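# Examining the three-dimensional arrangement
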Amino acid sequence: MTQQFHSTIHEDGVAEVVIDRPPVNALNSAGWHGLAAEIAALGEKPEVRVIVIRGEGRGFCAGVDIKELNADQSLIISVNAGNYATFKAVHLNKVPVIAAVHGFVLGGGIGICGAADIVVASECASFGLPEVDRGAMGGAAHLSRMFGTQKVRYLFFTGEMISATEAHRLNAIERVVPKEQLRDTAMDIARKIAAKSPAMIRIAKEALNGIEDGNLEDKYRWEQGFTLQAYMSKDSAETRKAFVEKRDAKF
C-alpha cells in the first residue's frame, strides 16, 4: 500500500506516529489495518514508554476514504475491521497514548481521540461525527469517552462540529494551544510520563482501563453491526454518491 503514516521512536522513549495522507488524512482500508498494526507493535516494544499520534496537513484525520467505499461497497467489512483494530490498539495499548489534533477531527479521528488516554488540541481543531450524513454508524462509543450522553446524541444526530474551545470547556480534552505549539505541548506531556517508571506506567494503564464502566470495544462492535445494516439501504448509497459528487443528498 502507499504509505499513509510514518512513525519514529525517539531516544526518550516517546514514539511518534504521524498520519500523512493528503488531502485530508482519510485512510483507506489498507491504511487503517496498517495503522492498527503499527500502534499495537509500538506498545509491545520495551523501549517505547508513550505514544503520540498526530497528523500532517489540513487536519488530524477525516476518517475513512469515502471515495474508496463509493467505488466498492463490499470494502465496508474490511474498513470496519480496520477501524475496530486501530481504536482497540490505542485504547488497550500497553503504554499511554496521546492524540495531538488540529483542524478537522472526523469519524475515525474521533475514534482515535476517544480511545486515547489524553487529547491535546490546537485552537483551530473541531470535532465531529458525520456518520449519519455518510450513510454509516459508529464512533459514538468513543465520543462518549469525551462528552456526556446528550451532547453525544446532539452531535451524532445533527452532524455538527464542536470547537476545541468548547470541547475543553466541557472537559472533553486536556488542553487547547496555538497550532504552532501543538506538537511541542504533546511531546512535553509525553516526556513527563516517559520519565517515570515504565513498569508503573504500564501497570497504571491496565488498571485504569479495568475500572472503566462497560467495554468500549464491545460497544463499538455493537455500533458497527448497524453500519452494515445502514449500508444495505439505498439512502446509504445516496449519501456516499452525493459526497463524491459534491452535492446535497436527496431522500
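Structure: see above.
Description of the structure in this document. (Residues numbered from 1 in each chain as written. Predicted model: local features only at pLDDT ≥ 70, side-chain atom pairs only at ≥ 80, totals over all residues. Heavy atoms only, no water.)

## Structural notes on the packing of helix H3 (residues 76-91) against helix H4 (residues 108-115)
For the pair H3 and H4, interaxial distance at closest approach is 8 Å and the crossing angle is 25 degrees. Judged by the angle between their axes, H3 and H4 are roughly parallel. Between H3 and H4 lies a crossing whose hand is right-handed. In this structure, H3 contributes Thr86, Phe87, Val90 and His91 to the contact, and H4 contributes Gly108, Gly111, Ile112 and Ala115. Across the contact of H3 with H4, the residue classes break down as four nonpolar, four polar and no charged. (Axes fitted to C-alpha atoms, helices over the stretch in contact; angles between N-to-C directions. Helix = DSSP H or I, 4+ residues; strand = E, 2+ residues; numbered from the N terminus. Parallel < 35°, antiparallel > 145°, perpendicular 65-115°, else oblique. Left-handed = near helix turned anticlockwise from the far one by under 90°. Contact = heavy atoms within 4.5 Å. Nonpolar A, V, L, I, M, F, W, Y, C, P; charged D, E, K, R; others polar.)

## Topic: unusual backbone geometry
Looking along the chain, the bond that leaves proline 22 and enters proline 23 is cis, with omega of 10 degrees. By the element assignment, proline 23 lies in the loop between strand S2 (14-19) and strand S3 (26-27). In this structure, asparagine 171 is a non-glycine residue whose phi angle is positive, near 60 degrees.

## Structural notes on the packing of aromatic side chains
Taken as a whole, this structure holds four aromatic pairs when the rule is applied. When the ring of tryptophan 222 is compared with that of phenylalanine 226, the centres are 5.1 Å apart and the planes differ by 70 degrees; the resulting orientation is edge-to-face. Linking tryptophan 222 with phenylalanine 226, this pair stays in helix H10 (residues 216-231), spanning four residues, or about one helical turn. Residue tryptophan 222 is classed as exposed on the basis of its relative accessible area of 61%. Joined through ring pairs, the aromatic side chains of Trp32, Tyr84, Phe87 and Tyr220 make up one cluster. (Phe/Tyr/Trp six-rings, centres within 6.5 Å; stacked < 30°, edge-to-face > 60°. Buried < 20%, exposed > 50% of the residue type's maximum accessible area, 1.4 Å probe, protein only.)

From the geometry alone we can't say anything about function, so treat these as descriptive.
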